[in-house]
Amino acid sequence: MYDVIVIGAGVSGLLSALVLSKNGKKVLVLEKEREVGGICQSYKIDGYTIDNGPHIITRLENGPLRKLITQYFDVSPDFIYHGEYYVRDKDKLYSFPWSLKSFSTFSLIPRKDRAFLLQILVSTYGRRLIGENFSNISVHDLLKKRNLNKTTMRFADTLCYFMTGVDSKKASVARFLDSLDYKSKSKGIISVHGVDPQAYLSKLIKMLTKKGAEDQGYPKGGIRTIIDCMVQSLDAEIITEEGVKEILIENNRVIGVKSQNGVYKGKTVIYSGYASELPDIADLPENYKEELRRLEKVHTLTLWMGLKRKYFDKMGSEIWIEPRCWAVPVSNYDPDLAPKGRQLVGFGFILPKEYNLEEEKKKAFDGIKKIFPGIEKDVDFMYWQVLVPEKAAWSINQKMPGNVTPVSGLYLVGTDTTEKSMGITRASYSVLNLMKEIL
Ligand SMILES: Cc1cc2nc3c(=O)[nH]c(=O)nc-3n(C[C@H](O)[C@H](O)[C@H](O)COP(=O)(O)OP(=O)(O)OC[C@H]3O[C@@H](n4cnc5c(N)ncnc54)[C@H](O)[C@@H]3O)c2cc1C
């Protein structure tokens, strides 16, 4: 009999197991694959160390992952400062406008549009402050009346794709207010509809002066190093190649799980796979099953390219608006990821809902060649990946289910449970939220 059985050994499952085992619980982790880590894998091919998609970790100073590292990790991963984000339009590079001040001079966008966007940003924060809910309002709806320039709309769309997984017609405005909520709620002195106005104002002032993504970093050695540190720090039983086929429930209470090899009894079960697939292995109320099945995954195409000469000189990554792409020269952070004298770059593209893979690959490669004519002559290595970076897009009319299920003792964790931040930071938030329910 275990206190807790965790299904899935990705970052969410392992972090949950770590916190619970450090709190004295007897924990079992069951993972269907041969390796633990879920998406977070790094592997060596032809002398290059590639990750499952390029990873930059956000909110490293005092965000949720930092909290968990400080409190629970015996061994800490090393992070290398990310540097600037650049926006590329053809052969022109612009520094990403992090502050209102730098946005006012961000010349990718015409002056008239900049003025309008600034105005709408400040007024939206104000409306949020007095309690207006923006989760069902799309970015497109907010912007559409103003007849914005094509490049402005393309820039807005690109940001939406990379921050939510969907275009501006489906992306929720709430996503862009997320960090503001995070800061303001954390103080909770005076609250207006759950928001602390003092903290809100201080965040607005910070926005005016913010220098850039100062608390973001690349994990030295690759994304897998974070998983290795977790595994070294936790005291739980982990069984791999043990897929859970059924969650056992009696009188609406979880009693354990059944895998292909047998039954494991536990008082609490935490499921960290796709929430949309939980109905396949658990008998749940119909309306809850429907809610879970509605969650839409985001698919991305990554091209890893090893280059014979340096195409990216700057420390930082590039957001391209045509083709829509995130280019991360990871060997600039850690030269050991590529053979000597080579540069390793991860190019990330969002895939549409329906796609033809070969066509998407061609489009992606042609797009890169358009930006860097003749690059194909310098290609030393190419590797493609199709992956799911977020288990659920953050779109309007889609509600994340949270951690608690209608079955007593059965919980969810992972990037499809909470609407906060993205990727590993979002997974860490979901673990912290879960612990408030369990501990
Ligand atoms: C291309 C790409 C780029 C990314 N870039 C970033 C980035 O820059 N910054 C960032 O923070 N994040 C990034 N991410 C996202 C980040 O990697 C994921 O959000 C995170 O790893 C998800 O962790 P998870 O534990 O929630 O899910 P997963 O990693 O999917 O883990 C779930 C685990 O559960 C297992 N499982 C499922 N069902 C069962 C079952 N029935 N029985 C047993 N085991 C089961 C699965 O095998 C898997 O191992 C990126 C991801 C991709 C793909």
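Residues numbered from 1 in each chain as written. Predicted model: local features only at pLDDT ≥ 70, side-chain atom pairs only at ≥ 80, totals over all residues.

Examining the site of the ligand
In step 1: Around the ligand lies a shell of 36 residues, among which Gly8, Gly10, Gly38, Gly53 and Gly423 are the nearest.
In step 2: The set of elements that each furnish at least two residues to the shell around the ligand consists of helix 1 (11–22), strand 13 (298–307), strand 17 (379–390) and helix 12 (423–438).
In step 3: It is helix 12 that provides the largest number of residues to the shell around the ligand, a total of four residues.
In step 4: Considered class by class, the residues forming the shell around the ligand number 15 nonpolar, 18 polar and three charged. (Near = placed C-beta within 6 Å. Helix = DSSP H or I, 4+ residues; strand = E, 2+ residues; numbered from the N terminus. Nonpolar A, V, L, I, M, F, W, Y, C, P; charged D, E, K, R; others polar.)

Thoughts on the domain arrangement of the chain
In step 1: Domain parsing of the chain yields domain 1 (2–40 + 218–296 + 395–438) and domain 2 (98–209).
In step 2: Here the side of domain 1 that touches domain 2 is built from residues that sort into two nonpolar, three polar and one charged. (Domains from an automatic or database assignment.)

With respect to the sheet that holds strand 16 (residues 343–350)
In step 1: Pairing is mixed in the open sheet, where seven strands are placed in the order 7-6-14-15-16-13-17. Among the strands making up the open sheet, the edge pair consists of strand 7 (92–95) and strand 17. Ignoring strand direction, the axes of neighbouring strands in this sheet form an average angle of 25 degrees.
In step 2: As judged from the four bridges shared by strand 14 (residues 316–321) and strand 15 (residues 324–328), these two strands associate in the antiparallel manner. Within strand 15, the position partnered with Ile321 by the bridge is Arg324.
In step 3: Its contacts with the sheet place helix 6 (residues 150–164) against strand 6 (84–89), strand 14, strand 15 and strand 16, and it is angled at close to 125 degrees to strand 14. (Pairing = 2+ DSSP bridges. Axes fitted to C-alpha atoms, helices over the stretch in contact; angles between N-to-C directions. Contact = placed C-beta atoms within 7 Å.)

What about the nonpolar core?
Nonpolar side chains tend to gather and get buried jointly when the protein is soluble and globular.
In step 1: Ile5, Ile7, Leu14, Ala17, Val27 and Val269 are the most contacted members of the largest nonpolar core, which has 93 residues in total.
In step 2: If one sorts the elements of this core by residue count, helix 1 sits on top with seven residues.
In step 3: A domain split of this core shows at least three residues from each of domain 1 (2–40 + 218–296 + 395–438) and domain 2 (98–209).
In step 4: The contact partners of Leu14, leaving out residues within four places of it in the chain, are Ala9, Val36, Ile227, Met230, Val231 and Leu234. (Core = buried A, V, L, I, M, F, W, Y, C linked by C-beta atoms within 7 Å. Buried ≥ 20, exposed ≤ 12 C-beta atoms within 10 Å, placed from the backbone.)

Some thoughts on unusual backbone geometry
With glycine set apart, most residues show a phi of negative sign, and most peptide bonds adopt trans.
In step 1: Between Glu322 and Pro323 the backbone carries a cis peptide bond, its omega angle lying at -5 degrees.
In step 2: Residue Arg59 is not a glycine yet carries a positive backbone phi of 50 degrees.
In step 3: Along the polypeptide, Arg59 turns up in the loop between strand 4 (48–51) and helix 2 (64–72).
In step 4: Positive phi, normally seen in glycine, also occurs at Asn251, with a value near 50 degrees.
In step 5: Assignment of secondary structure puts Asn251 in the loop between strand 10 (244–250) and strand 11 (253–259).

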